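Take a look at the letters that make up each chain.
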Amino acid sequence: MARTRLTPEREGEMYAAVLDLLREVGYDALTMDAVAARTRSSKATLYRQWGSKPELVVKALRHNKPVSLHEIDTGSLRGDFHAVLSRTDDCQMEKDSALMRGLSHAVHENPDLHKALHELLIEPEMTGLDQLLRRAVDRGEVRPDNPALKYVSHMLIGAFAARLLVEDRSVDQAFLIDYFDSVVLPALGV
């Protein structure tokens, strides 16, 4: 059966409703019935458009991202990272962090969610980060044999987790810029 094409506005409204519900009730309690009621659509429409709850949730998260890493090219690694951060505000970053914390627990119980998150959100982000880092290597900013290159994603994800655990505070732009400049760039020899 062919999918009916939603307008970008309607799709955006639906994704926003999914994320609101996710924040309110968490992944496990989120149902397609609740999404259908919140978005004034039928459950059949949701399944026809997205196929499954994990796919709908992850596509909503993807839609919510302010920028794709592969779109950024300022001419320097530091400039690229700062450009990425300038496209989101602290309030949105805090909301996104809370969502990801909630999902990180649900991922362990839901293999379908883990698969969808990996395929639709994590892999594209890692590909974008790899491109950003490859350009830095091509420009001569980072040595191609620098052992820290393969750990940049770990460092960045670690910043999110550690800030909350160590300081009981969410990440914000100022923290991430300072972290990148103080930890990631020196590790890369920049």
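Residues take numbers from 1 onward in each chain, read along the sequence in its written order. Owing to the predicted nature of the model, reporting of local features is limited to residues with pLDDT of at least 70; listing and counting of side-chain atom pairs is limited to 80 or more, with chain, interface and lining totals taken over all residues. Think of the side-chain values as coming from all heavy atoms in the structure, minus any hydrogens and water.

S.K.: Go over the nonpolar core with me, naming the residues and quoting the values.
M.R.: For the purposes of this section, nonpolar cores are sets of buried Ala, Val, Leu, Ile, Met, Phe, Trp, Tyr and Cys residues that join through side-chain atoms within 4.5 Å. When accessible area is computed with a 1.4 Å probe and restricted to protein chains, residues below 20% of their type maximum are described as buried, those above 50% as exposed, and intermediate ones as partly exposed. Counting residues in hydrophobic clusters, the biggest one holds 28 residues, and the most contacted among them are Leu 77, Val 152, Val 184 and Leu 188. In this text, helices come from DSSP runs of H or I with a minimum length of four residues, and strands from runs of E with a minimum of two, each type numbered from the N-terminal end. Among the elements of the structure, helix H5 (77–86), helix H7 (111–138), helix H8 (152–167) and helix H9 (173–187) are those that each provide at least two residues to this core. Element by element, the count of residues in this core is highest for H9, at six residues. Those residues in contact with Val 184 that lie beyond four places of it in its chain are Val 152, Met 155, Leu 156 and Tyr 179. Grouped together as the second largest cluster of nonpolar side chains are 27 residues, Met 32, Ala 36, Leu 46 and Val 107 included. In this analysis, two residues are considered to be in contact whenever any of their non-hydrogen atoms come within 4.5 Å of each other.

S.K.: Tell me about the packing of helix H2 (residues 32–39) against helix H3 (residues 43–50), and name the residues and values.
M.R.: To describe two helices that pack against each other, one gives the angle between their axes and the distance between the axes. The interhelical angle for the contact between H2 and H3, taken along N-to-C directions, is 105°, at an axis separation of 9 Å. Judged by the inter-axis angle, H2 sits roughly perpendicular to H3. Along the contact surface, H2 presents Met 32, Asp 33, Val 35 and Ala 36, while H3 presents Lys 43, Leu 46 and Tyr 47. Here an axis means a line fitted to C-alpha atoms, over the contact stretch when the element is a helix, while the angle between two N-to-C directions is reported on a 0 to 180 degree scale. Roughly parallel means an angle under 35 degrees; roughly antiparallel, over 145; roughly perpendicular, 65 to 115; everything else is oblique.

S.K.: Give a description of the pattern of salt bridges that names residues and reports values.
M.R.: The term salt bridge refers to a side-chain nitrogen of Lys or Arg lying within 4 Å of a carboxyl oxygen of Asp or Glu. If you walk through the whole model with that rule in mind, you get 16 salt bridges. Linking Asp 20 and Arg 23 is a salt bridge whose minimum nitrogen-to-oxygen distance equals 3.3 Å. Of this pair, Asp 20 and Arg 23 both sit in helix H1 (residues 8–29), three residues apart, which is roughly one turn of the helix. For Glu 167, the salt bridge is made with Arg 163, and the minimal N-O distance between the two is 3.1 Å. Of this pair, Glu 167 and Arg 163 both sit in helix H8, separated by four residues, roughly a single helical turn. Assessed through its relative accessible area of 4%, Arg 163 is described here as buried.

S.K.: Before we move on, could you go through the layout of surface pockets and cite the residues and values that matter?
M.R.: If you roll a probe as big as a water molecule over the atoms, it shows you where there is empty space left. Site definitions follow a grid-based scheme: protein atoms alone, a 1 Å grid, a 1.4 Å probe that fits but cannot get out for cavities, and for pockets an open set with protein on both sides within 12 Å along at least five of seven lines, plus lining residues having an atom within 4 Å of a point. Grid points are joined across faces, edges and corners, and a volume is the space filled by probe spheres set on the points. The computed volume of the largest pocket comes to approximately 1,400 Å³. In terms of lining, the largest pocket is formed by 38 residues, of which the most central are Lys 65, Met 100, Glu 125, Ile 157 and Phe 160. Every element with two or more residues in the lining of the largest pocket is listed here: helix H4 (53–64), H5, helix H6 (90–109), H7 and H8. For the lining of the largest pocket, the element with the highest residue contribution is H6, accounting for 10 residues. When its residues are assigned to classes, the lining of the largest pocket shows 25 nonpolar, nine polar and four charged. Any residue outside Ala, Val, Leu, Ile, Met, Phe, Trp, Tyr, Cys, Pro, Asp, Glu, Lys and Arg is labelled polar, Gly included; the first ten of those are nonpolar and the last four are charged.

S.K.: Describe the environment of Gly 75, with residues and values.
M.R.: Mapped onto the elements, Gly 75 comes out in the loop between H4 and H5. Its relative accessible area of 41% is what places Gly 75 among the partly exposed residues. Residues Gly 75 and Asn 64, 11 residues apart in the sequence, show an inter-C-alpha distance of 26 Å. What Gly 75 contacts, discounting residues up to four positions off in sequence, is Asp 80, Arg 139 and Glu 141.

S.K.: Mind laying out H1, listing which residues take part and the relevant values?
M.R.: For a helix, the expected span equals 1.5 Å multiplied by the residue count minus one. Its 22 residues place the ends of H1 only 27 Å apart at the C-alpha level, less than the 32 Å of an ideal helix rising 1.5 Å per residue. Fitting axes to the seven residues ending at a residue and to the seven starting there, one defines the bend at that residue as the angle between these axes. Its maximal kink placed at Arg 23, H1 deviates by approximately 85°. Among the residues of H1, Glu 11, Gly 12, Met 14, Tyr 15, Ala 17, Val 18, Leu 19, Leu 21, Leu 22 and Tyr 27 are the ones counted as buried. Check the buried side of H1 and you find it contacts H2, H3, H4, H6 and H7.

S.K.: How would you sum up the packing of aromatic side chains? Please name residues and give values.
M.R.: Only the six-membered ring of Trp is used, alongside the rings of Phe and Tyr, when aromatic pairs are assigned; centres must lie within 6.5 Å, and planes under 30 degrees apart are stacked while those over 60 apart are edge-to-face, with the rest tilted. Across all of its chains, the model carries three aromatic pairs by this definition. Each ring, one from Phe 81 and one from Phe 180, has its centre 3.8 Å from the other, and the planes form 10°; the classification is stacked. Of this pair, Phe 81 sits in helix H5 while Phe 180 sits in helix H9, and the two are 99 residues apart along the sequence. Exposure class is identical for Phe 81 and Phe 180. Each is buried. Throughout this description, the term charge over a ring refers to an Arg CZ or Lys NZ atom that lies within 6 Å of the ring centre and within 35 degrees of the ring normal. The ring of Tyr 27 has Lys 53 sitting right over it, with the charged end atom 4.1 Å from the ring centre.

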